[in-house]
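# Geometric and topological summary
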Amino acid sequence: LPDIPDVVETRVSNILVNVLIGCSLFLVPLLNLVPSALVPGLFLFLGINMMAGNAFLRRLLTTTRVVDPAALPAGDPVRLAGLRDAGAFTALQAGCLGVMWAIKMDKRTSLYFPLVIGSLMMVREWVVPRVVSKKGLEALDE
């Protein structure tokens, strides 16, 4: 590690961020000018655009054969890892997502949601290497 003689901390950026957040309160009356039908359409547009770059959804479509794996570019992680590893990795992710969703939706267990998020680190360290090969994991680990 390089020898760092001194660190000077400035809080200018923190103060500036908080001042700008405070100034945004003055813009609340402008929200009344936005038509209420625009808001769901905006969120739909943002959601569809988000799906285009989502690696999980791309792998899900490829491993379920909705998208032809042969049509993938040469450097695509699914092609580099292989369909078996990509499918196992995606199934494991979908399972973890399902467990998190179920825990979050039940009022009796939603309190434990942060513990479930923490347990994902253990799943990544101990379960994923047993299910996915090292070569596949290197290709899929984004």
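Refer to the structure presented above.
The text that follows walks through the structure, step by step, so that each part is easy to find. No experiment lies behind these values; they were computed from the predicted model shown.

What follows is about the pattern of salt bridges. The final tally for this structure, using the stated rule, is four salt bridges. Between Asp141 and Arg124 there is a salt bridge, with its nearest N and O atoms 2.5 Å apart. Here Asp141 is found in the segment after helix H7 (134-140), whereas its partner Arg124 is found in helix H6 (residues 113-131), with 17 residues between them in sequence.

Bringing the packing of aromatic side chains into the picture now. A complete count under the given rule lists zero aromatic pairs for this structure. Lying over the aromatic face of Trp101, Lys104 brings its terminal NZ or CZ to 5.3 Å of the ring centre.

The next point concerns the nonpolar core. By size, the foremost hydrophobic cluster in this structure holds eleven residues: Leu72, Val78, Ala81, Ala86, Ala88, Phe89, Val128, Val132, Leu137, Ala139 and Leu140. Counting residues per element, the ones that place at least two in this core are helix H4 (77-81), helix H5 (83-105) and H7.

In this fold, Thr109 is placed in the loop between H5 and H6. Not counting residues within four places of it along the chain, the set of residues in contact with Thr109 comprises Ala102 and Ile103.

Glancing now at the layout of surface pockets. Sizing a probe to match a water molecule and rolling it over the atoms shows the empty space that remains. Here the largest pocket defines a volume of roughly 270 Å³. Lining the largest pocket, in full, are Phe56, Phe89, Leu92, Gln93, Cys96, Leu97, Met100, Leu120, Val123, Arg124 and Val128. Elements with a contribution of two residues or more to the lining of the largest pocket: H5 and H6. Grouping the amino acids of the lining of the largest pocket by side-chain chemistry returns nine nonpolar, one polar and one charged.

For Pro114, the position within the fold is in helix H6. Residue class for Pro114 comes out exposed when judged on its relative accessible area of 58%. In this structure the C-alpha to C-alpha distance between Pro114 and Lys104, which are ten residues apart in sequence, comes to 9.7 Å.

With that out of the way, let us pick up a nonpolar patch on the surface. A surface patch of nonpolar side chains, about 970 Å² in accessible area, is lined by Leu25, Val28, Leu31, Val34, Leu38, Val39, Leu42, Phe43, Phe45 and Leu46. When you line up the elements, Leu38 lands in helix H2 (residues 38-52).

What follows is about the packing of H5 against H6. The N-to-C vectors of H5 and H6 enclose an angle of 160 degrees; their axes lie 11 Å apart at closest approach. Classed by the angle they form, the pair H5 and H6 counts as roughly antiparallel. Pair H5 / H6 crosses with right-handed handedness. Residue-level inspection shows Arg84, Asp85, Ala88, Phe89, Leu92, Cys96, Met100, Ile103 and Lys104 of H5 in contact with H6, the latter providing Phe113, Val116, Ile117, Leu120, Val123, Val127, Val128 and Val131. Partitioning the contact of H5 with H6 into residue classes produces 14 nonpolar, no polar and three charged.

Thresholds applied
- Residues numbered from 1 in each chain as written.
- Predicted model: local features only at pLDDT ≥ 70, side-chain atom pairs only at ≥ 80, totals over all residues.
- Heavy atoms only, no water.
- Salt bridge = Lys/Arg side-chain N within 4 Å of Asp/Glu carboxyl O.
- Helix = DSSP H or I, 4+ residues; strand = E, 2+ residues; numbered from the N terminus.
- Phe/Tyr/Trp six-rings, centres within 6.5 Å; stacked < 30°, edge-to-face > 60°.
- Lys NZ or Arg CZ within 6 Å of the ring centre and 35° of its normal.
- Core = buried A, V, L, I, M, F, W, Y, C linked by side-chain atoms within 4.5 Å.
- Buried < 20%, exposed > 50% of the residue type's maximum accessible area, 1.4 Å probe, protein only.
- Contact = heavy atoms within 4.5 Å.
- 1 Å grid on protein atoms, 1.4 Å probe; cavity = no way out; pocket = protein on both sides within 12 Å on 5 of 7 lines; lining within 4 Å.
- Points joined across faces, edges and corners; volume = space filled by probe spheres on them.
- Nonpolar A, V, L, I, M, F, W, Y, C, P; charged D, E, K, R; others polar.
- Patch = residues over 30% accessible without salt bridge, like charges linked within 9 Å, V, L, I, M, F, W, Y side chains within 5 Å.
- Areas by Shrake-Rupley, 256 points an atom, 1.4 Å probe, with all protein chains shown as cover.
- Axes fitted to C-alpha atoms, helices over the stretch in contact; angles between N-to-C directions.
- Parallel < 35°, antiparallel > 145°, perpendicular 65-115°, else oblique.
- Left-handed = near helix turned anticlockwise from the far one by under 90°.

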